[in-house]
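Residue-level structure breakdown
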Amino acid sequence: MNNMWGSMAQFEAIYWSWPIVLYLFLAGLSAGSVMVALLVKWNRHENNTRSIWDAMVKAGALIGPIAICIGLFLLIADLGKPFTFYILLIKYNFLSVMSLGVLFLLIYTPFAFLFAIIIFEKEIENSKILAFLKPVTKFIRSFSGIAKKMEYILFILAICVGIYTGFLLSAVAKLPLWNTPILPILFLLSGFSSGIAANILIGMWFFKGSLNKDSIKYLLMLDLRAIFFEIPILFILFIGMYFEGGISAVAASQALNHEYFGKILWIGVIGIGLIVPIIIAATALKNHVYKPTFIVLNSLVVLVGVVLLRYYIVYAGQICIGA
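Residues numbered from 1 in each chain as written. Predicted model: local features only at pLDDT ≥ 70, side-chain atom pairs only at ≥ 80, totals over all residues. Heavy atoms only, no water.

For the protein chain, the name recorded in an unreviewed UniProt entry is Protein NrfD, with Campylobacter hominis as its organism. One UniProt comment on the protein chain, placed under Sequence similarities (unreviewed entry), says "Belongs to the NrfD family." The heading Subcellular location (unreviewed entry) in the UniProt record of the protein chain holds the text "Cell membrane". (UniProt positions renumbered as here; feature names shortened; annotations may be inferred.)

1. Regarding the packing of aromatic side chains
Inspection of the entire model under this criterion finds nine aromatic pairs. Considering the side-chain rings of Phe120 and Phe207, the 5.8 Å spacing of their centres and the 40° angle between planes classify their relative orientation as tilted. With a gap of 87 residues between them, Phe120 in the loop between helix H4 (97–119) and helix H5 (121–125) and Phe207 in the loop between helix H8 (182–206) and helix H9 (213–244) connect regions that are remote in the sequence. Seen from their ring centres, Tyr242 and Phe243 are 5.4 Å apart, and the 80° between their planes marks the pair as edge-to-face. (Phe/Tyr/Trp six-rings, centres within 6.5 Å; stacked < 30°, edge-to-face > 60°. Helix = DSSP H or I, 4+ residues; strand = E, 2+ residues; numbered from the N terminus.)

2. Remarks on H8
Side chains that are three or four residues apart share a direction in an α-helix, a result of its 3.6 residues per turn. Taking 1.5 Å per residue, 25 residues should reach 36 Å; H8 reaches 36 Å between its end C-alpha atoms and fits that length. Once H8 finishes, Lys208 follows within two positions and takes phi at roughly 55°, a positive value. (Expected span 1.5 Å × (residues − 1).)

3. Concerning the pattern of salt bridges
A full pass over the atoms with the stated rule returns four salt bridges. A salt bridge links Lys41 to Glu151; the nearest nitrogen and oxygen atoms lie 2.9 Å apart. Of this pair, Lys41 sits in helix H1 (residues 18–43) while Glu151 is found in helix H7 (residues 146–170), placing the two residues 110 residues apart along the sequence. Glu151 gets classed as buried once you look at its relative accessible area, which sits at 2%. (Salt bridge = Lys/Arg side-chain N within 4 Å of Asp/Glu carboxyl O. Buried < 20%, exposed > 50% of the residue type's maximum accessible area, 1.4 Å probe, protein only.)

4. Concerning H9
For H9, built from 32 residues, the straight-helix expectation of 46 Å at 1.5 Å per residue is met to within 8% by its first-to-last C-alpha distance of 47 Å. Immediately downstream of H9, the backbone of Gly245 shows phi near 75°, a positive value.

5. Observations concerning the packing of helix H2 (residues 52–78) against H8
Where H2 contacts H8, the axes come no closer than 8 Å and their chain directions differ by 110°. The orientation of H2 with respect to H8, classified from their angle, is roughly perpendicular. When H2 is examined against H8, the residues Ile52, Ala55, Met56, Ala59, Gly60 and Ile63 are found in contact with a partner set consisting of Ile196, Ala198, Asn199, Ile200, Ile202, Gly203 and Met204. Looking at the contact of H2 with H8 residue by residue, the class counts come to 10 nonpolar, three polar and no charged. (Axes fitted to C-alpha atoms, helices over the stretch in contact; angles between N-to-C directions. Parallel < 35°, antiparallel > 145°, perpendicular 65-115°, else oblique. Contact = heavy atoms within 4.5 Å. Nonpolar A, V, L, I, M, F, W, Y, C, P; charged D, E, K, R; others polar.)

6. A word on the packing of H9 against helix H12 (residues 292–319)
When two helices pack together, you describe them by how their axes are tilted relative to each other and by the distance separating the axes. Following both chains from N to C, one finds H9 and H12 inclined at 20°, their axes separated by 11 Å at the closest point. Relative to H12, the element H9 is oriented roughly parallel. Relative to H12, H9 is oriented so that their crossing is left-handed. Only Pro292, Ile295, Asn298, Val302, Leu309, Tyr312 and Ile313 of H12 make contact with H9, whose side of the interface consists of Ile216, Leu219, Leu220, Asp223, Ile227, Leu234, Leu237 and Phe238. Per-class residue counts for the contact of H9 with H12 are 13 nonpolar, one polar and one charged. (Left-handed = near helix turned anticlockwise from the far one by under 90°.)

7. Observations concerning the confidence of the model for the protein chain
The pLDDT averaged across the protein chain works out to 84; a share of 85% of its residues lies at or above 70. When mean pLDDT is taken per element in the protein chain, H1 scores highest with 93 and helix H3 (residues 86–90) scores lowest with 57. Of the regions scoring below 50 in pLDDT, residues 1–11 engages in 22 contacts with residues more than four places distant in sequence or in other chains. (pLDDT = per-residue confidence, 0-100.)

8. A few points about the UniProt feature "transmembrane region" (unreviewed entry) in the protein chain
Taking the numbering used here, the UniProt-annotated feature "transmembrane region" (unreviewed entry) corresponds to residues 20–40, 52–77, 97–120, 152–173, 185–207, 219–243, 263–282 and 294–313. Its end C-alpha atoms 36 Å apart, residues 52–77 is made of 100% helix and 0% strand. Spanning residues 294–313, this segment combines 100% helix with 0% strand, and its end C-alpha atoms are found 28 Å apart.

Structural data, given as structure tokens:
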């Protein structure tokens with residue numbers, strides 16, 4: 001298999017490699033971006049088209065369908081027989097995590113596209129290239145309240161997709177680091193955190209979302225809340241493995257102390273992805289220095305941390321098996 005960070009030849013047990021890492025990241029990012037966009041739209045959205053709130057809604061509507069489509073392409077390509085993927089779409093086993101995940105994705109993806117069409121309705125109306133989408137916007141407008149109901153359904157589906165990325169791994173009983181009920185919660189939270197970060201960056205870059213003191217403070221606090229939930233969940237993951245005993249305890253020790261993957265966890269996931277954002281937010285909030293630079297830097301390190309978390313779980317889970 002191909003690899004992303006140098007040679008993985010020394011790790012012969014790697015069956016799920018970097019395409020799966022990116023798929024899990026992109027699926028979580030898509031779900032998180034959509035959830036954040038919907039929450040902002042429902043709670044803080046303003047009519048000012050230059051506000052960061054409007055920009056974050058548009059960013060989430062854009063990231064959601066694009067990220068999930070790229071992720072699915074990587075997943076299908078990694079199957080080895082991509083032309084047989086359609087079988088998963090017509091044959092369902094509701095006792096299979098993979099089958100349920102495909103069902104969630106099959107419903108979530110078109111809903112994500114419909115959400116994007118709703119959010120970019122004005123742009124579609126004024127565009128010749130996107131003119132083919134006008135009948136869709138007219139159809140949605142013709143039914144009063146349908147857009148809001150679609151948003152509620154999409155939010156639930158986004159949660160399901162975010163959780164599913166963790167269940168996909170946790171269903172593998174032979175790998176202790178994967179086979180834990182904590183993993184779906186950790187992936188959902190980290191996906192939500194990456195959604196905040198990505199929506200901020202794309203919103204500021206493409207949709208000219210202006211930041212002010214209040215919005216910067218709110219976004220920093222929002223990031224902190226997500227991180228403060230992630231840290232105990234990550235702690236519980238390893239504590240649970242330790243107290244389970246047997247190969248799970250050995251696998252936890254191996255994963256924490258591994259010469260290579262241990263550094264990815266302590267330096268990349270915890271140091272860069274969790275501690276640095278806390279320092280950035282604490283510094284800004286304590287000194288009342290509300291600059292966009294803090295938000296951009298905070299968002300970048302959060303995204304790096306989430307990617308490294310997926311990378312660590314996928315690779316370390318296959319290497320550190322308690323043997």
